[in-house]
Amino acid sequence: MKLVRFSPPTAAALLLGLTTVIGPGAVDSYAASDVPLPIAHFAHMVVDAPHGHLFISGGAGTDGILVTDLDGGNPTMIGGEPGATGLALSGDGSALYAALPDQDAIAAISTENLTESARYGTGAGTRPDSLAVAGGTVWFGYGTAGDGGIGSVDGSGTVTLRQDSGTWPASPMLATTPTPSGVLAAAVQTGDTSAFVTYRAVGGVLTRQAAKALPVPDLSDFAVTADGLHLAVSSWLGASDHRYRTSDLAVDGRFATPVGPSAVAVAPDGTVANGENSYAFETSPETGEGSYQQYTYGYPVSLAVHGLAWAPDGSRLYAVGVDASGGTPRLRTVRDPETAWVHLNGRATTTPLAPGEAYSFRAGFDSPLSLGAGESMIPGAVRITRYDAADPDGVLIPDPTTTPARGPADFFGSYYVSGTAPLTGPLSFRVDYSGSGHYGPAAQTFDMPVAKYAPTMTATAPSTAGRAAPTTVTGRLTWPHAQVRTGAVHVVKTDLAHPSGYSAGTVPLAADGSFAFHDTPQVGGANTYAFTYDGGTSYLPVTASAKVQVSRTTPSLSVTTDAKSYHSGATVKVTAHLGTTYNSRLVTLYDQPAGKPRAQLKSGKADAHGNLVAYYKVTRNTVFSAAFAGDYHYAPRTATTTATLTPTVRTQMQWPLATTRIGSTTYQVFYKSEVTMGFDLQVTPHQSGGCTTMYLEHYYSGAWHQATSQRCVPLYDDGWYGYSRALKLFASNDRYRIRGHYTPPAKDAQTTGVWSQWTYLTIRPGSPS
């Protein structure tokens, strides 16, 4: 089954849970700087470990073969090898063969003295390019577009062309196993596919094994596995993890990772190195899951075509990177390429730990290389050491509990330890992993914070309760883990009788952190219960409170005045009457004249009759209120009443010439010769915005009838208003009467409305005699 692997940060996050400690960063396997190569371009590379050489060709435009030591240092050139491309070592390692396409030749160079020992012509226009040594014979691909083939150079130096009975549309690329064998493979791109042929090479003769077009539209490199049984094919557009069997070129299983673009190389022990993408490469086992290491160049430097080569013992991998134009090649030497990095991840059950609290600590692993078949734990030894104030030099934890691998958070198994946090000082664990096989060693220290902290606390009470009735307030302390049993919950109760509060004792804590306080409140009003957890030896204090409104009886309360309406300046007698209460007889009287804020008129205890009396000089409509603040058994209450101000009205007739009595009523007498009748009205006090209306009535048919009216006109600033009417409009010798009504403003009226008295008049014809 193919496992789904997580990136290291993802796997660490899944394992960590609540903690914030993380293992070390990825091993920087390419920390050493790349070595610039003193050639303009790169073509091919061969490792000659016994002689301590790297041979590097530059292709067209170069005049020699670059030679460095195994670290890429001490460069020198083997001159006289113009345009060298493909390179191969002889089976015994004594000779380096170099293809010289521009010379139509293959050069043999001594690996001892680095001089050319022989040159073999391959024929005009053959342009040999790719080389491989298989079955004791040097094989070369040659030709140009439309015409290619495979040739050979035997031990006597004889060159033979057309060693393959088939035809090639171009010079084929050759590959063989990393150690001498009789396996040879050839390939050339043919449009959207690439043509592959595999051979057995024996006694200078090629025997075809298989020929097939493979779905590779951008062939750049390929390699034969160490056992000669499979091909690994490099591609960007068609990258895959298919293993192609050399016997029939059918897909036969999968490589551990897809074979990416530019280059692929196989170590003698079977490890595969290949491009991961254009700007990175990786190493991995031939089969299984995952890889050993990933290495990145980063844009614009990319892995060169044919740019990977192994040291024969697998201890080093050499890679060549080039810039975007394919120039300025640089060499990277990777040490321990078959060792996968290991990250250590640590997880604690709590963050932070309280002093004395039980803890568990789990150490896990992550690596790009998955476990092998049948493995349930990462191979190697693990040591876990605990450090605290009592053991600053550490105490090795014997036999930690192991948990076999499981996904998705734990692919490699884990180690589990438990204990109790120290009462003081820090706590940490060091995990040492020895490494084993292809897994590298790792070590990491994980700090586990130990500190007092406050748990969360809630308190809940019924919103209301009856006085002298049982009630219960409940609460809960919540820890993010199993708490240390320490500390107590103290209760302070506050009510009207105890405004500063008093201690109501402690309440026991249940195992789940819950508690309950039972009370029978005797004092009405707000009863507040404040709970404080003192934290004990391991936690910080925390508080919570709940409030209950305890019922109280509504007392009898009234407020009255000695009259309902007053004239300006009159003194109002205000009386508040309070009924039965428990422990307070305090009453406060307030006055609030219209348009003004409320003010305290008097405050004091009700007398033996339950009364509190105050006096007030009224100047406008006034609301009087009496307030009882409540006591232990009786609730607050307020009562109100309103005293109104009735304005004083003065009236005056203008120019009457006489008076007369008709029945019991006195009439003002006017003569039509006077032309106009006038009636003046004054209101005291009055408001701006108030108005007056005049009504004139005529007596006939035994009743009074409205003759005319003048609706709501403003008073003058001095409160007067004058009304006049032409006397010619009156019937001679008839009776009339007139009066006015003052209406205060509709909003914020300071007085009531008021009527004037009726004034009676009669009109005589002519003039007085």
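Scoring rules and cut-offs
- Residues numbered from 1 in each chain as written.
- Predicted model: local features only at pLDDT ≥ 70, side-chain atom pairs only at ≥ 80, totals over all residues.
- Heavy atoms only, no water.
- Helix = DSSP H or I, 4+ residues; strand = E, 2+ residues; numbered from the N terminus.
- Rg over C-alpha atoms; globule rule 2.2 N^0.38 Å.
- Buried < 20%, exposed > 50% of the residue type's maximum accessible area, 1.4 Å probe, protein only.
- Contact = heavy atoms within 4.5 Å.
- Areas by Shrake-Rupley, 256 points an atom, 1.4 Å probe, with all protein chains shown as cover.
- Lys, Arg positive; Asp, Glu negative; His and termini not counted.
- Charge placed at Lys NZ, Arg CZ, Asp CG, Glu CD.
- Pairing = 2+ DSSP bridges.
- Disulfide = S-S within 2.5 Å.
- Core = buried A, V, L, I, M, F, W, Y, C linked by side-chain atoms within 4.5 Å.
- Phe/Tyr/Trp six-rings, centres within 6.5 Å; stacked < 30°, edge-to-face > 60°.
- Lys NZ or Arg CZ within 6 Å of the ring centre and 35° of its normal.
- Polar contact = N/O pair within 3.5 Å; in protein donor to acceptor, adjacent residues only side chain to side chain.
- pLDDT = per-residue confidence, 0-100.
- Salt bridge = Lys/Arg side-chain N within 4 Å of Asp/Glu carboxyl O.

Chemist: Got a minute to help me understand the overall build of the protein in this structure?
Modeler: On a plain count of helices and strands, the protein comes out with one helix and 62 strands. Radius of gyration (C-alpha) of the protein: 56 Å, far over the 27 Å computed for a compact globule of 769 residues. Overall size of the protein, expressed as C-alpha extent along the three principal axes, is 175 × 75 × 45 Å. Per-residue burial over the protein gives 49% buried out of 769 residues. Contacts in the protein between residues at least 24 apart in sequence constitute 58% of all its contacts with a sequence separation of at least 6. Of the roughly 33500 Å² that the protein leaves accessible, carbon and sulfur atoms contribute 52%. Where the 49 positive side-chain charges of the protein centre and where its 57 negative ones centre are 33 Å apart.

Chemist: Is there a simple way to think about the sheet that holds strand 1 (residues 35-36) in this case?
Modeler: Sheet strands pair via backbone hydrogen bonds, and the direction of the pair is either parallel or antiparallel. Strand order in the open sheet formed by four strands is 1-28-27-26, and the pairing between neighbours is antiparallel. Across the chains shown, the open sheet's two edge strands, defined by having one partner strand only, are strand 1 and strand 26 (302-310). One ladder, built from five bridges, connects strand 26 with strand 27 (residues 316-322); its direction is antiparallel. Bridge pairing in strand 27 links Ser302 to Val322.

Chemist: Sorry if this is basic, but what is going on with the environment of Phe365 here?
Modeler: Within the secondary structure, Phe365 is located in strand 30 (residues 358-366). Taking the C-alpha atoms as reference points, Phe365 and Pro379, separated by 14 residues in sequence, lie 11 Å from one another. Excluding residues that lie within four positions of it along the chain, Phe365 makes contacts with Val342, His343, Leu344, Asn345, Ile378, Val382, Phe412, Gly413, Ser414, Tyr415 and Tyr433.

Chemist: I tried to follow the state of the cysteines on my own but got confused; where do I start?
Modeler: Disulfide: a covalent bond connecting the sulfur atoms of a pair of cysteines. Enumeration over the complete set of coordinates arrives at one disulfide. Linked covalently through their sulfurs, Cys691 and Cys712 form a disulfide whose S-S length is 1.5 Å. Negative torsions about the S-S bond denote left-handed disulfides, and the value of about -65° found for Cys691 with Cys712 makes this one left-handed. Separated by 21 residues along the polypeptide, Cys691 in strand 57 (residues 691-700) and Cys712 in strand 58 (residues 703-714) bring together distant segments of the chain.

Chemist: Looking at this structure, I do not really get the nonpolar core. What am I missing?
Modeler: Counting 31 residues, the largest nonpolar core has Phe365, Ile384 and Phe429 as the members making the most contacts within it. Secondary-structure elements contributing two or more residues to this core are strand 29 (343-348), strand 30, strand 31 (382-388), strand 34 (414-420), strand 35 (427-433) and strand 36 (442-448). If sequence neighbours within four positions are ignored, Phe429 has contacts with Tyr359, Phe361, Ile384, Thr385, Arg386, Ile397, Val417, Gln444, Thr445, Phe446 and Met448. Within the second largest apolar cluster, 23 residues are counted, among which are Ala354, Trp479, Val542 and Val550.

Chemist: Sorry, what's going on with the packing of aromatic side chains here?
Modeler: Working definition: an aromatic ring pair is given by the centre-to-centre distance plus the angle between the planes. Enumeration according to the criterion identifies 27 aromatic pairs in this entry. Among the aromatic side chains, those forming a connected cluster through ring pairs are Tyr359, Phe361, Phe429 and Phe446. If you follow Arg737 out to its NZ or CZ, it ends over the ring of Trp758, 4.1 Å from the centre. The ring of Trp755 carries the charged tip of Arg739 above its face, separated from the ring centre by 3.9 Å.

Chemist: Where do I start with the side chain of Ser90 in this structure?
Modeler: As for its placement among the helices and strands, Ser90 is situated in the loop between strand 6 (87-89) and strand 7 (95-100). At a separation of 3.2 Å, a polar atom in the side chain of Ser90 contacts the main-chain amide nitrogen of Ser94. Apart from residues no more than four positions distant in its own chain, Ser90 is found in contact with Ala95, Tyr97 and Val133.

Chemist: What's the story with the pairing of strand 2 (residues 44-48) in this structure? I'm lost.
Modeler: Along a regular strand, successive side chains alternate from one face of the sheet to the other. Counting buried residues along strand 2, four of its five residues qualify, which places the element largely inside the surrounding structure. Where strand 2 meets strand 3 (residues 53-57), five bridges bridge the pair, whose relative direction is antiparallel. Bridging from a neighbouring strand, Asp48 pairs with His53 of strand 3.

Chemist: How should I be thinking about the sheet that holds strand 12 (residues 147-153) in this particular structure?
Modeler: What the four strands build is an open sheet, ordered 10-11-12-13; its pairing is antiparallel. Among the strands making up the open sheet, the edge pair consists of strand 10 (130-134) and strand 13 (159-160). Strand direction decides the pairing type here: strand 10 and strand 11 (residues 137-144), joined by five bridges, are antiparallel. Note that in strand 11 the partner of Leu131 across the bridge is Phe140.

Chemist: Hey, could you run me through the confidence of the model for the protein in this one?
Modeler: Detailed reading of the predicted model is not advised wherever pLDDT is low. Averaged over all residues, the pLDDT of the protein equals 92, while 95% of them reach at least 70. Every residue in residues 1-32 is under pLDDT 50, and counting partners more than four places away or in other chains gives 67 contacts.

Chemist: What exactly am I supposed to notice about the environment of Leu496 here?
Modeler: Here Leu496 is to be found in the loop between strand 40 (489-495) and strand 41 (498-507). We classify Leu496 as partly exposed; its relative accessible area is 42%. The sequence separation of Leu496 and Asp631 amounts to 135 residues, and the corresponding C-alpha distance is 7.7 Å. Each residue touching Leu496, except ones within four places of it in the same chain, is listed here: Val523, Gly524, Ala526, Arg552, Asp631 and Tyr632.

Chemist: Help me out: how do you make sense of the pairing of strand 57 in this one?
Modeler: Of all ten residues making up strand 57, eight are buried, and the element is well covered by its neighbours. Where strand 57 and strand 58 come together, nine bridges link them in antiparallel fashion. By the bridge assignment, His698 is partnered in strand 58 with His705. Joining the antiparallel neighbours strand 57 and strand 58 is a turn of two residues, in which Ser701 adopts a positive phi near 55°. Note that strand 57 and strand 60 (residues 735-743) share nine bridges and pair antiparallel. Pairing of His698 across the sheet is with Tyr736, part of strand 60.

Chemist: Is there a simple way to think about the pattern of salt bridges in this case?
Modeler: Once their charged atoms are close, side chains differing in charge can pair, the charge on each being opposite to the other. In total, this model carries 17 salt bridges according to the counting rule given. Taking the shortest distance from any N to any O, the salt bridge between Arg316 and Asp71 comes out at 2.6 Å. Of this pair, Arg316 sits in strand 27 while Asp71 sits in the loop between strand 4 (64-68) and strand 5 (76-79), and the two are 245 residues apart along the sequence. The partner of Arg162 in a salt bridge is Asp147, with the nearest N and O atoms 3.0 Å apart. Of this pair, Arg162 sits in the loop between strand 13 and strand 14 (173-176) while Asp147 sits in strand 12, and the two are 15 residues apart along the sequence. One network of salt bridges, with partners in common, ties together Asp71, Arg316 and Arg335.

Chemist: Can you help me understand unusual backbone geometry in this one?
Modeler: One can expect most non-glycine residues to show negative phi and most peptide bonds to be in trans. Between Tyr299 and Pro300 the backbone carries a cis peptide bond, its omega angle lying at 5°. On the secondary structure map, Pro300 appears in the loop between strand 25 (293-296) and strand 26. Positive phi outside glycine occurs at Leu249, with the angle close to 60°. Mapped onto the elements of the fold, Leu249 is located in the loop between strand 20 (240-245) and strand 21 (251-259).

Chemist: Would you mind showing me how to read the environment of Asn583 here?
Modeler: Locating Asn583 in the fold gives a position in the loop between strand 47 (571-578) and strand 48 (586-593). With 48 residues separating them in the primary sequence, Asn583 and Asp631 have C-alpha atoms 6.0 Å apart. The contact partners of Asn583, leaving out residues within four places of it in the chain, are Asp631 and Tyr632. Of the polar contacts made by the side chain of Asn583, one reaches the backbone nitrogen of Tyr632; its length is 3.1 Å.

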